[in-house]
Amino acid sequence: GENVEQHPSTLSVQEGDSAVIKCTYSDSASNYFPWYKQELGKRPQLIIDIRSNVGEKKDQRIAVTLNKTAKHFSLHITETQPEDSAVYFCAASIDGTPLVFGKGTRLSVIA
Amino acid sequence: EAGVAQSPRYKIIEKRQSVAFWCNPISGHATLYWYQQILGQGPKLLIQFQNNGVVDDSQLPKDRFSAERLKGVDSTLKIQPAKLEDSAVYLCASSLGSGYTFGSGTRLTVV
C-alpha cells in the first residue's frame, strides 16, 4: 500500500521568512495530494491540495508543487506569520481510496 | 454548512473497559472515515464507509474494535476491551469527493 514520508519533523523560521515542507510517496498511482494544518487541540483543516495532472498550485502565501517522476511534493509558505505556527500534514491517495498521511511537521514561526 | 459532529470530546477509561464514540457527518456526504491519531503522529485509517457499507477495514483491529454506520448517516466506533496503547484522538471525517472535513475528535485516555 501507499507510504508517505514527511520531512522535516520540526521547523523553526523567523517571521517573514519562507518555510518548505517536503513529502515523498511510494505508489505511483496516487493522484491526489492534500495538505492539512492542525493547530493545537483542534481538527486538521485542509489548506491546499493538488492533483497529479497539475505541477503547481498557489493560494495567496501558500503553494504546493508536485514532481510525479520523483514521487514527491512540497508545501511552500511565504512571508510566514505567527499564526502559521501549527502541525502540517501531507497526504496522498488514489481517487476513492482513503488518504494516507505523513507523520507531520511542527512549524514554529518566531516573531 | 454544519460540520462533522463528534462526541464525546474527552473520555478517560481504565484498561479492559469498553468505550464508544459517535460521529454525525456533513449532510449528504456518502463517505465516512474513522482515523486514529496517536500523539505526535499523523492520522491512521481505521475504517472507511460508503453509505452504510464498509469499503476498507483492513487496518481495523477487529479483535477489539468495531464500527457501524446504520442508515448511512451516523456512525459509532467501539473499543472492547481497551488497551493502554489505544490512547489517542479518534477523528471522524466525511467527504463528497476527495477532500475531507474532519470532526474535532474524541481524545481517549486509557489508564
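Anything mentioned here points back to the structure above.
Here is a short report on the structure shown in this document. (Residues numbered from 1 in each chain as written. Chains lettered and ligands numbered in written order. Predicted model: local features only at pLDDT ≥ 70, side-chain atom pairs only at ≥ 80, totals over all residues. Heavy atoms only, no water.)

### With respect to the pairing of strand β6 (residues 53-56) of chain B
Argument step 1. The sheet contact formed by strand β5 (residues 44-50) of chain B and β6(B) spans 3 bridges and is antiparallel. Bridge pairing in β6(B) places Phe49(B) opposite Val54(B). (Pairing = 2+ DSSP bridges. Helix = DSSP H or I, 4+ residues; strand = E, 2+ residues; numbered from the N terminus.)

### Details of the sheet that holds strand β1 (residues 5-7) of chain B
Residue and element names in this part refer to chain B.
Argument step 1. Read from one edge to the other, the open sheet built from 4 strands follows the order β1-β3-β8-β7, with strand pairing classed as antiparallel. Lying at the two open borders of the sheet, with one neighbouring strand each, are β1 and β7 (65-68). Adjacent strand axes in the sheet meet at a mean angle of 15°, parallel and antiparallel pairs treated alike.
Argument step 2. Note that β7 and strand β8 (residues 75-79) share 4 bridges and pair antiparallel. (Axes fitted to C-alpha atoms, helices over the stretch in contact; angles between N-to-C directions.)

### Considerations on unusual backbone geometry
Argument step 1. In this structure, Pro8(B) follows Ser7(B) across a cis peptide bond, with omega equal to -5°.
Argument step 2. For the bond from Gln80(B) to Pro81(B), the omega torsion is -5°, close enough to zero to count as cis.
Argument step 3. With respect to the secondary-structure elements, Pro81(B) resides in the loop between β8 and β9 (88-95).
Argument step 4. Although it is not a glycine, Glu79(A) adopts a positive phi angle of roughly 45°.
Argument step 5. Positive phi values are uncommon outside glycine, yet Lys71(B) reaches one of about 60°.

### A few points about the side chain of Thr80(A)
Residue and element names in this part refer to chain A.
Argument step 1. With respect to the helices and strands, the residue Thr80 is situated in the loop between β8 (72-77) and β9 (86-92).
Argument step 2. On the accessibility criterion, Thr80 (1% relative accessible area) is buried.
Argument step 3. Ignoring anything within four residues of it in the chain, the contact list for Thr80 reads Val13, Gln14, Glu15, Gly16, Asp17, Ser18, Ala19, Arg61 and Val109. (Buried < 20%, exposed > 50% of the residue type's maximum accessible area, 1.4 Å probe, protein only. Contact = heavy atoms within 4.5 Å.)

### Regarding the pairing of β8(B)
Residues and elements named next belong to chain B.
Argument step 1. The two faces of β8 differ: Ser75, Leu77 and Ile79 on one face are buried, but Thr76 and Lys78 on the other face are not.
Argument step 2. Where strand β3 (residues 19-24) and β8 come together, 5 bridges link them in antiparallel fashion. Each residue of the ladder has a partner; that of Ala20, found in β8, is Lys78.
Argument step 3. Counted along the chain from β7 to the antiparallel partner β8, the turn is 6 residues long, and its residue Lys71 has a positive phi close to 60°.

### Some points on the state of the cysteines
Residue and element names in this part refer to chain A.
Argument step 1. Tallying each qualifying case throughout the model produces 2 disulfides over all chains.
Argument step 2. Note on cysteine connectivity: Cys23 is disulfide-linked to Cys90, with sulfurs 1.9 Å apart. Between Cys23 and Cys90, the S-S dihedral sits near -100°, and the bridge is therefore left-handed. With Cys23 in strand β3 (residues 19-25) and Cys90 in strand β9, this pair connects stretches of sequence that are 67 residues apart.
Argument step 3. Judged by relative accessible area, Cys23 falls into the buried class, the value being 0%.
Argument step 4. By relative accessible area, which is 0% here, Cys90 ends up buried. (Disulfide = S-S within 2.5 Å.)

### As for the packing of aromatic side chains
Argument step 1. In total, this model carries 15 aromatic pairs over all chains according to the counting rule given.
Argument step 2. With centroids separated by 5.7 Å and ring planes inclined at 55°, the aromatic side chains of Tyr36(A) and Phe101(A) adopt a geometry described as tilted. A residue pair is termed long-range when its members are at least 10 positions apart, and Tyr36(A) in strand β4 (residues 32-38) and Phe101(A) in strand β10 (residues 100-101) qualify at 65 residues. Like Phe101(A), Tyr36(A) is buried.
Argument step 3. Through pairs of rings, three or more aromatic residues link up here, namely Tyr36(A), Phe101(A), Tyr33(B), Tyr35(B), Tyr100(B) and Phe102(B). (Phe/Tyr/Trp six-rings, centres within 6.5 Å; stacked < 30°, edge-to-face > 60°.)

### Looking at the nonpolar core
Argument step 1. Of all hydrophobic cores here, the largest spans 23 residues; its most connected members are Trp35(A), Phe73(A), Leu75(A) and Leu107(A).
Argument step 2. Elements that contribute at least two residues to this core include exactly β2 (10-14), β3, β4, β5 (45-51), β7 (62-67), β8, β9 and β11 (105-110) of chain A.
Argument step 3. When sequence neighbours within four positions are dropped, the list of residues in contact with Leu107(A) reads Leu11(A), Val13(A), Ala19(A), Ile77(A), Asp84(A), Ser85(A), Ala86(A) and Tyr88(A).
Argument step 4. Counting residues in each nonpolar core, the second largest holds 21 residues, with Leu46(B), Ile47(B), Phe65(B) and Ile79(B) among its members. (Core = buried A, V, L, I, M, F, W, Y, C linked by side-chain atoms within 4.5 Å.)

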